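# Inside the fold
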Amino acid sequence: MYRAAFPDRLMAGQHPLEVLIVVRIHDRELRLPGVPSNRLGAVQPTAVIVLAAGLGTRMRSATPKVLHPIAGRTLLGHVLQAAKPLEAATYAVVVGHGRDEVSAEAAAHIPGVATIVQDQQRGTGHAVSVALAALPQVTAGLVLVLAGDTPLVRTADLAGALAAAASGATAAVVVTAK
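Note that this is a predicted model, so its numbers are computed, not measured.

With their axes 9 Å apart at the nearest point, helix α1 (residues 75-83) and helix α2 (residues 99-109) run at an angle of 35 degrees to one another. Here the hand of the crossing between α1 and α2 comes out right-handed. Note on element contacts: α2 touches α1 through Val 102, Glu 105, Ala 106 and His 109, opposite Leu 76, Gly 77, Leu 80 and Gln 81. Of the residues contributing to the contact of α1 with α2, the split by class is 4 nonpolar, 3 polar and 1 charged.

Turning next to the side chain of His 109. Structurally, His 109 can be placed in helix α2. If near-sequence neighbours (up to four positions away) are discounted, His 109 is found in contact with Arg 73, Thr 74, Gly 77, Leu 80, Gln 81 and Lys 84.

Counting residues in hydrophobic clusters, the biggest one holds 32 residues, and the most contacted among them are Val 48, Leu 76, Tyr 91, Val 93, Val 102 and Leu 158. Elements with a contribution of two residues or more to this core: β2 (47-52), α1, β5 (90-95), α2, β7 (141-147) and α4 (155-167).

This part is about the pattern of salt bridges. For the coordinates displayed, the defined rule picks out 3 salt bridges. Note that Lys 65 and Asp 149 form a salt bridge whose closest N and O atoms lie 2.8 Å from each other. Of this pair, Lys 65 sits in the loop between β2 and β3 (69-70) while Asp 149 sits in the loop between β7 and α4, and the two are 84 residues apart along the sequence. A relative accessible area of 26% means that Asp 149 is categorised as partly exposed. For Asp 157, the salt bridge identified is with Arg 154, shortest N-O distance 2.8 Å.

So, on to the pairing of strand β6 (residues 114-117). In this sheet, β6 lies alongside β5 in parallel orientation, the contact comprising 4 bridges. What sits directly across from Val 94, in β6, is Ile 116. Following the chain from β5 across α2 to the adjacent parallel β6, one finds a crossover that is right-handed.

Right, let's talk about helix α3 (residues 124-133) for a bit. Within the sequence span of α3, burial applies to Gly 125, Ala 127, Val 128, Ala 131 and Leu 132. End-on, the buried residues of α3 take up no more than an arc of 160 degrees, which puts them together on one face.

To continue, consider α2. Buried within α2 we find Val 102, Ser 103, Glu 105, Ala 106 and His 109. Along the axis of α2, the buried residues cluster in a sector spanning 160 degrees; they form a single face. Along α2, the residues that are exposed and aim more than 90 degrees away from the buried face are Asp 100 and Ala 108. Those residues of α2 hidden inside the fold are in contact with β2, β4 (73-74), α1, β5 and β6.

What counts, and at which threshold
The residue numbering used here restarts from 1 in each chain and proceeds along that chain's sequence as written. Two thresholds apply to this predicted model, a pLDDT of at least 70 for residue-level local features and 80 or more for giving and counting side-chain atom pairs, whereas whole-chain, interface and lining totals are computed over all residues. Values shown for side chains rest on all heavy atoms present in the structure; no hydrogens or waters enter the calculation. Fitting a line to C-alpha atoms yields each axis, with helices limited to the stretch in contact; the angle taken between N-to-C directions then spans 0 to 180 degrees. We count a stretch as a helix when DSSP gives it H or I for four or more residues in a row; a strand needs E for two or more, and each element gets its number in order from the N terminus. The handedness criterion is simple: a crossing whose near helix is rotated anticlockwise from the far helix by less than a right angle is left-handed, and one whose near helix is rotated clockwise is right-handed. In this analysis, two residues are considered to be in contact whenever any of their non-hydrogen atoms come within 4.5 Å of each other. All residues other than Ala, Val, Leu, Ile, Met, Phe, Trp, Tyr, Cys, Pro, Asp, Glu, Lys and Arg, Gly among them, are scored as polar; the first ten of these are nonpolar and the last four charged. For this analysis, a nonpolar core means a set of buried residues of the types Ala, Val, Leu, Ile, Met, Phe, Trp, Tyr and Cys, connected via side-chain atoms within 4.5 Å. Each residue gets one of three labels from its accessible area relative to the maximum for its type: buried under 20%, exposed over 50%, partly exposed in between, using a 1.4 Å probe on protein chains only. What makes a salt bridge here is a side-chain nitrogen of Lys or Arg within 4 Å of a carboxyl oxygen of Asp or Glu, nothing more. Note on pairing: two strands pair once DSSP finds at least 2 bridges between them. A clockwise course of the path from the first strand over the helix to the second, judged with the strands pointing away from the viewer, identifies a crossover as right-handed. This arc is taken over the directions from the axis of the helix to the C-beta atoms.

What follows is the structure, given as structure tokens:
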């Protein structure tokens, strides 16, 4: 489990930044008044960060793992299309291996997406820290963190996880698959 504390974001009058990592995991309780919702009626995250910097060595391919196609779309494309209806204020993709190609693919799905370079891949927590450091406008609310290689994730699953986090009734939200 990864717990994040971002004291530099805890300025007077600001709510603490809450991080929800879906698929690979975690969040703290969210207790924010008036959590915004989107056109789906779902909780609207402050930011969606997609982790797509890995080498994908087990795939034994020069192509970045998240750019492999499945069912007519790249792995990354499936994840971004699932997250797009959530209408986050900020969308970001953490890139590393094949950064130019991965950045172009992300922009094809979400114009204006921020691409954040993680030069050294030191795990999920490090990738989230690098992303948050590059997104100074993200100071409060829910941040949804997704693995870029999870093509079966659905918008409804993400909306359900965000609703559970926003309710304040849980200390952690984990989305898994059978």
